[in-house]
Amino acid sequence: MSDTDFTFAVHATDGQARTGAITMPRGTIRTPAFMPVGTAGTVKAMYASQVRALGADVVLGNTYHLMLRPGAERMARLGGLHRFMRWDGPILTDSGGFQVMSLSALRKLDEQGVTFRSHVDGTAHYMSPERSIEIQGLLGSDIQMQLDECVRLPAEREAIEKAMRLSLRWAERCRTAFGEQPGKALFGIVQGGDVPELRVESARALAGLDLKGYAIGGLAVGEPQAVMLAMIETVEPHLPRAKPRYLMGVGTPDDLMRSVSRGIDMFDCVMPTRAGRHGLAYTRHGRINLRNARHAEDTRPLDETSSCEAASAYSRAYLHHLVRSDEILGMMLLTWNNLSYYQDLMAGMRAAIAEGRLAAFCDATREGWARAERDAAAG
């Protein structure tokens, strides 16, 4: 690694959208960026070298899952997550906060932290803001997230406000625990559900902590897309313009384009990998469900123009056969295709922003999806 500190530079803007780069010792993250999710130290069904070759500059790991298996202290003894999974670029780790919500039946939360009941073997584990930062340090994470409480929407305002204020107090504790780590970054997480004034209060308070970056959390958790976009528009003016903005857990290709247009720089989502394991392909022709019988004798590839072999070299009929036969190769090829499409979409947006044509790029992309749907309907 070099001695480069964590820096963020905006190279061009187009409306609210911006393209630039995060520079850190382990490499440069071109923004806007999509981070493939490697929850347990692997992007499912992919080699790390494949993920890198598709254009991913950074991947995401999950503090909660890695804390359970193989364990943070063991990971440190083994040389850290980068060496463990053979990924030499930056890694961002979630804090475990999402599991506070998604595994709510297995946890007890108070001011000091969260006691989790492991979904693996039922053993108890305690995570405070300080322990979350400690675990992320043991993993060797380059970008670490504060511990927060995320509320699934819809929810009562009282519950949303209580979680937002707790998350702010935890952010201060995480900042203290993180201290000064040259070349690494701590990101705060804006909470506040679908209540605009709570979102603004959270964003302003976090901006006052002068962190290296800021995430918008608690979205894509059950609310309509219009609510998500409205919350981005509410929060964006109150986040420091010189810091990267990360929308957590989002999303569909359309979500990405609409969010980039509103000033978001970073994304992560399990959607492309999960969809690939269940027979769904994302392409410039829209979504293609390979389980559908209509593909049984279709000799066309998913996309003959794609640089990804999974998209251009295998017939839809073969992919349909693999998916219907539950063959592992089908999951691998469709995951490969999907991550390729997502990275190509981000590269396309970066180029479009630099040339001042993002709106036209997004319109053309959506028209490609719609045209394919019309052609399919026409038979």
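Attention here is on the structure that accompanies the text. (Residues numbered from 1 in each chain as written. Predicted model: local features only at pLDDT ≥ 70, side-chain atom pairs only at ≥ 80, totals over all residues. Heavy atoms only, no water.)

## Describing the packing of aromatic side chains
Tallied over the full model, the rule gives 5 aromatic pairs. Consider the rings of Y314 and Y318, whose centres lie 5.9 Å apart with planes at 15°: the pair is stacked. Overall, the relative accessible area of 32% leaves Y318 in the partly exposed class. Site record: aromatic cluster; members linked through ring pairs are F34, Y282 and Y342. Above the ring of W87, the side-chain terminus of R52 is found at 4.6 Å from the ring centroid. (Phe/Tyr/Trp six-rings, centres within 6.5 Å; stacked < 30°, edge-to-face > 60°. Buried < 20%, exposed > 50% of the residue type's maximum accessible area, 1.4 Å probe, protein only. Lys NZ or Arg CZ within 6 Å of the ring centre and 35° of its normal.)

## Thoughts on the sheet that holds strand β2 (residues 17–24)
One open sheet accounts for 3 strands, arranged β1-β2-β3; its pairing is antiparallel. The open sheet terminates on both sides in strands that have one partner only, identified here as β1 (7–14) and β3 (27–31). When the angles between neighbouring strand axes are averaged without regard to direction, this sheet yields 15°. (Pairing = 2+ DSSP bridges. Helix = DSSP H or I, 4+ residues; strand = E, 2+ residues; numbered from the N terminus. Axes fitted to C-alpha atoms, helices over the stretch in contact; angles between N-to-C directions.)

## Let's talk about the pairing of β3
In this structure, β2 lies alongside β3, joined through 5 bridges in antiparallel fashion. Its bridge partner lying in β3, A21 is registered against R30. Connecting β2 to the next strand, β3, in antiparallel fashion are 2 residues.

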